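# Examining the three-dimensional arrangement
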Amino acid sequence: MTVQIPCVQIFEDLPEKVSSVSLKNDSSTGKNVAVMRFQALASLAHFLGLRKCVANFLHLMDTEGDILIQPTCIKMIYDGPEESNLKSVECELEVEQADRWERLVRFMQRYAKAHSMVCRETESEWAITRTS
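Residues numbered from 1 in each chain as written. Predicted model: local features only at pLDDT ≥ 70, side-chain atom pairs only at ≥ 80, totals over all residues. Heavy atoms only, no water.

## Some details on the overall build of the chain
Formally: Helix and strand assignments follow DSSP, with helices taken as H or I runs no shorter than four residues and strands as E runs no shorter than two, numbered in order from the N terminus. Only protein chains enter the accessibility calculation, which uses a 1.4 Å probe. A residue is then buried if its area is under 20% of the maximum for its type, exposed if over 50%, and partly exposed in between. Whether two residues are in contact is decided by their heavy atoms, any of which lying within 4.5 Å being enough. Note that accessible areas follow from Shrake-Rupley with a 1.4 Å probe, and for residues the cover is restricted to the protein chains shown.
The helix and strand tally for the chain stands at two helices and ten strands. In the chain, which comprises 132 residues, the share counted as buried stands at 34%. Put simply, 55% of the contacts in the chain that link residues at least 6 apart link residues at least 24 apart. For the chain, the computed accessible surface area is about 8500 Å², with 49% contributed by carbon and sulfur atoms.

## Side note on the sheet that holds strand S2 (residues 14-16)
Condition: Pairing between strands is defined by DSSP: at least two bridges between them are needed. Between N-to-C directions, angles span 0 to 180 degrees; the directions come from axes that are lines fitted to C-alpha atoms, helices contributing only their stretch in contact.
If you walk across this open sheet you meet the four strands as S2-S1-S5-S6, and the pairing is antiparallel. Each end of this open sheet is capped by a strand with a single partner; those strands are S2 and strand S6 (65-69). Neighbour-to-neighbour, the strand axes of this sheet turn through a mean angle of 35 degrees, independent of strand direction. Relative to S2, strand S1 (residues 7-11) runs antiparallel, the two being bridged by three bridges. Note that in S2 the partner of Phe 11 across the bridge is Leu 14. Packing of helix H2 (residues 98-114) onto the sheet brings it into contact with S1, S2, strand S5 (58-62) and S6, and relative to S5 it is tilted by some 65 degrees.

## Structural notes on the confidence of the model for the chain
Keep this limit in mind: pLDDT gives the predictor's per-residue confidence on a scale running from 0 to 100.
Put simply, the chain has an average pLDDT of 83, and 89% of its residues get 70 or more. pLDDT under 50 marks residues 50-54. Its contacts with residues more than four places away, or in other chains, come to three contacts.

## Digging into the side chain of Ser 19
Position of Ser 19 among the secondary structure elements: in the loop between S2 and strand S3 (20-26). Not counting residues within four places of it along the chain, the set of residues in contact with Ser 19 comprises Arg 37, Phe 38, Gln 39, Met 117, Ile 128, Thr 129 and Arg 130.

## Overview of the packing of aromatic side chains
Defined as follows: Each pair of aromatic rings taken from Phe, Tyr and Trp, with Trp reduced to its six-membered ring, is defined by centres within 6.5 Å and is described as stacked if the planes are under 30 degrees apart, edge-to-face if over 60, and tilted in the remaining cases.
One pass over the structure, following the stated rule, counts one aromatic pair. With centroids separated by 6.1 Å and ring planes inclined at 35 degrees, the aromatic side chains of Phe 107 and Tyr 111 adopt a geometry described as tilted. Here the residue Phe 107 and the residue Tyr 111 both occupy positions in helix H2, the gap between them amounting to four residues, near one helical turn. In this pair, the class of Phe 107 matches that of Tyr 111, namely buried.

## Digging into the environment of Gln 9
Short version of the rule: As used in this structure description, the phrase polar contact means that two N or O atoms lie within 3.5 Å; if the pair is within protein, one of them must be able to donate a hydrogen and the other to accept it, and residues adjacent in sequence are counted only when both atoms belong to side chains.
Positionally, Gln 9 belongs in strand S1. Its relative accessible area of 7% is what places Gln 9 among the buried residues. With 49 residues separating them in the primary sequence, Gln 9 and Leu 58 have C-alpha atoms 5.9 Å apart. When near neighbours in sequence (up to four residues on either side) are disregarded, Gln 9 contacts Leu 14, Pro 15, Phe 57, Leu 58, His 59 and Met 61. Looking at Gln 9, its side chain comes within polar contact range of the main-chain nitrogen of Asp 13, at 3.1 Å.

See the structure below:
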């Protein structure tokens, strides 16, 4: 059996390093929202070289298999003089089906463990962050 270290890719064969994730389960609306944050993107050169973004999905891979998920929103956050330095990227994912949400949570738990991140859980929210 091959052990697959959990990874996130925007472009094939170019793994990204997630800096933090928040997973929120709103049972009253049935909406589950995950927000992945990246401090830097390995694929940034691909984004800058394209007039139109061709990466419509995040590709999440682990021992349980692959997940292709389309972001509902991507925010690029800048700082510095005239906000010219890319500080981070936030990628929002909405998942309505309970089984797909549970699969995403399991993936993020594996990702956190494999990449020395810390998981904190409340009744309706998970927070996953890098250790200092």
